[in-house]
Amino acid sequence: MTPSPVTTLIFDVDDTLYDVGTGFTAHRNKAAPKLMVEKYKFPSEEEAQKVKAEYFSKYHAIAKALKMAQLEGKFPEDAPEVKTEDIATFWAEGLDFSMLGPPKTELREQLSKCNCTLVAFSNGPRKYVKRALETMGLFDLFGEERLYAVDDVMPHCKPEKEAFEKILKNIGNPRPETCVMVEDSMKNIRGAKALGMKTVLIRGSSENGRILKDDKPNSEDPAVDCSMASIEEFFTMLPGLLDASPFFDPVVVDK
Ligand SMILES: [Mg+2]
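Residues numbered from 1 in each chain as written. Predicted model: local features only at pLDDT ≥ 70, side-chain atom pairs only at ≥ 80, totals over all residues. Heavy atoms only, no water.

Looking up the chain in an unreviewed UniProt entry gives the name Pyrimidine 5'-nucleotidase, with the organism given as Cylindrotheca closterium.

**Some words on the overall build of the chain**
In terms of regular secondary structure, the chain is built from 11 helices and eight strands. Taking 255 residues into account, the globule formula puts the C-alpha radius of gyration at 18 Å, and the chain, at 18 Å, falls close to it. Projecting the C-alpha coordinates of the chain onto the three principal axes gives extents of approximately 55 × 35 × 35 Å. The 255 residues of the chain split such that 52% are buried. For the chain, the share of sequence-separated contacts (at least 6 apart) that also reach a separation of at least 24 residues comes to 68%. Carbon and sulfur atoms make up 51% of the accessible area of the chain, which amounts to about 11400 Å² in all. Each charge sign in the chain was given a centre, from 34 positive and 42 negative side chains, and these centres are 2 Å apart. (Helix = DSSP H or I, 4+ residues; strand = E, 2+ residues; numbered from the N terminus. Rg over C-alpha atoms; globule rule 2.2 N^0.38 Å. Buried < 20%, exposed > 50% of the residue type's maximum accessible area, 1.4 Å probe, protein only. Contact = heavy atoms within 4.5 Å. Areas by Shrake-Rupley, 256 points an atom, 1.4 Å probe, with all protein chains shown as cover. Lys, Arg positive; Asp, Glu negative; His and termini not counted. Charge placed at Lys NZ, Arg CZ, Asp CG, Glu CD.)

**Let's talk about the sheet that holds strand E2 (residues 8–11)**
The parallel open sheet is built from six strands, whose spatial order is E4-E3-E2-E5-E6-E7. For this open sheet the edge positions go to strand E4 (147–148) and strand E7 (226–228), each flanked by a neighbour on one side alone. The pairing of strand E5 (residues 179–183) with strand E6 (residues 198–202) spans four bridges and is parallel. Paired with Val182 across the bridge in E6 is Val200. (Pairing = 2+ DSSP bridges.)

**Examining the packing of helix H1 (residues 24–38) against helix H2 (residues 45–59)**
In the contact formed by H1 and H2, the axes pass within 8 Å of each other and the chain directions differ by 115°. Judged by the twist between their axes, the crossing of H1 over H2 is right-handed. Where H1 approaches H2, its residues Asn29, Ala32, Pro33, Lys34, Met36 and Val37 are matched on the opposing element by Glu45, Ala48, Gln49, Val51 and Lys52. In the contact of H1 with H2, the residues fall into six nonpolar, two polar and three charged. (Axes fitted to C-alpha atoms, helices over the stretch in contact; angles between N-to-C directions. Left-handed = near helix turned anticlockwise from the far one by under 90°. Nonpolar A, V, L, I, M, F, W, Y, C, P; charged D, E, K, R; others polar.)

**Re the coordination of the magnesium ion**
Each pair of donors in an ideal four-coordinate tetrahedral metal site encloses 109.5 degrees, whereas pairs in an ideal six-coordinate octahedral site enclose 90 or 180 degrees. The magnesium ion binds to the protein through Asp12 (OD), Asp14 (O) and Asp184 (OD); the donor distances cover 2.1 to 2.2 Å. Read from N- to C-terminus, the donor residues coordinating the magnesium ion fall into the pattern D-x1-D-x169-D. With a gap of 170 residues between them, Asp14 in the loop between E2 and H1 and Asp184 in the loop between E5 and helix H10 (186–194) connect regions that are remote in the sequence. When its relative accessible area of 12% is taken as the criterion, Asp14 is described as buried. (Donors = N, O, S within 2.8 Å, 3.2 Å for Na, K, Ca; no water.)

**Structural notes on the packing of aromatic side chains**
Across all of its chains, the model carries 12 aromatic pairs by this definition. Centre to centre, the rings of Phe24 and Phe97 are 5.4 Å apart; their planes meet at 50°, and the pair counts as tilted. Here the residue Phe24 occupies a position in helix H1, and Phe97 occupies one in the loop between helix H4 (84–94) and helix H5 (105–113), the gap between them amounting to 73 residues. You can call Phe24 buried: its relative accessible area is 0%. By relative accessible area, which is 3% here, Phe97 ends up buried. Judged by centre distance (6.3 Å) and plane angle (20°), the ring pair of Tyr55 and Tyr59 falls under stacked. Pair noted here: Tyr55 and Tyr59 are both in helix H2, with a separation of four residues, about one helical turn. The class of Tyr55 is buried, set by a relative accessible area of 1%. Taking relative accessible area as the criterion, Tyr59 reaches 18% and is therefore assigned buried. Members of the aromatic cluster, each reached through a chain of ring pairs, are Tyr18, Phe24, Trp91, Phe97 and Tyr128. The residue whose ring lies beneath Arg28 is Trp91, and the NZ or CZ to ring-centre distance is 5.6 Å. (Phe/Tyr/Trp six-rings, centres within 6.5 Å; stacked < 30°, edge-to-face > 60°. Lys NZ or Arg CZ within 6 Å of the ring centre and 35° of its normal.)

Have a look at this one:
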């Protein structure tokens, strides 16, 4: 690949900006069936888990998965309507964010020196994503302006083309070729690549806790331009992004 100019870095959040090995995603995953029992009147967490698993593997965003499951009659009849805001509140208030570890000071420092537009784009609900970014000390790099959550793209979500296009439009329509999508999900990597973006795959330190087992990182996939174990290696692998005129030219490593 020849070095090419970059204007925009788009970061997924869960299992990308923090490691899947922290166990935080597994912890969050367990909270959904609890919410389905407490708020949406499922008779047991086991039954809730079955419905959640089926729809999450199809839709890849919990808010969209639960909305679709309800539309298709998989919820108890007397359940209130699923609202993204309610899921966001349940997660933002009920999860143990300390599992994310101390603030990511070094990453923050490097990102703040990068001469690209920085965007966070998650399939999680906004209030939750904001809390996760705040805990990692990264929120103000993006601010409300450059934080996109599932609320902002519904009824779509990643990896749908419409979701990516909406973000690109909102940030002033940079050419997709000048955007870099940083992700742990192969579905989303392929979606971004199909639009012409550069892709960086974050493989993570373990498979323990990853929700979608059929979506596990594969560096060999042709949609992957650059792959690394953790976000902490980002600028080591892509030093051109710290140039005054940022460019994409991954350091090739033998593993
Ligand atoms: Mg992710």
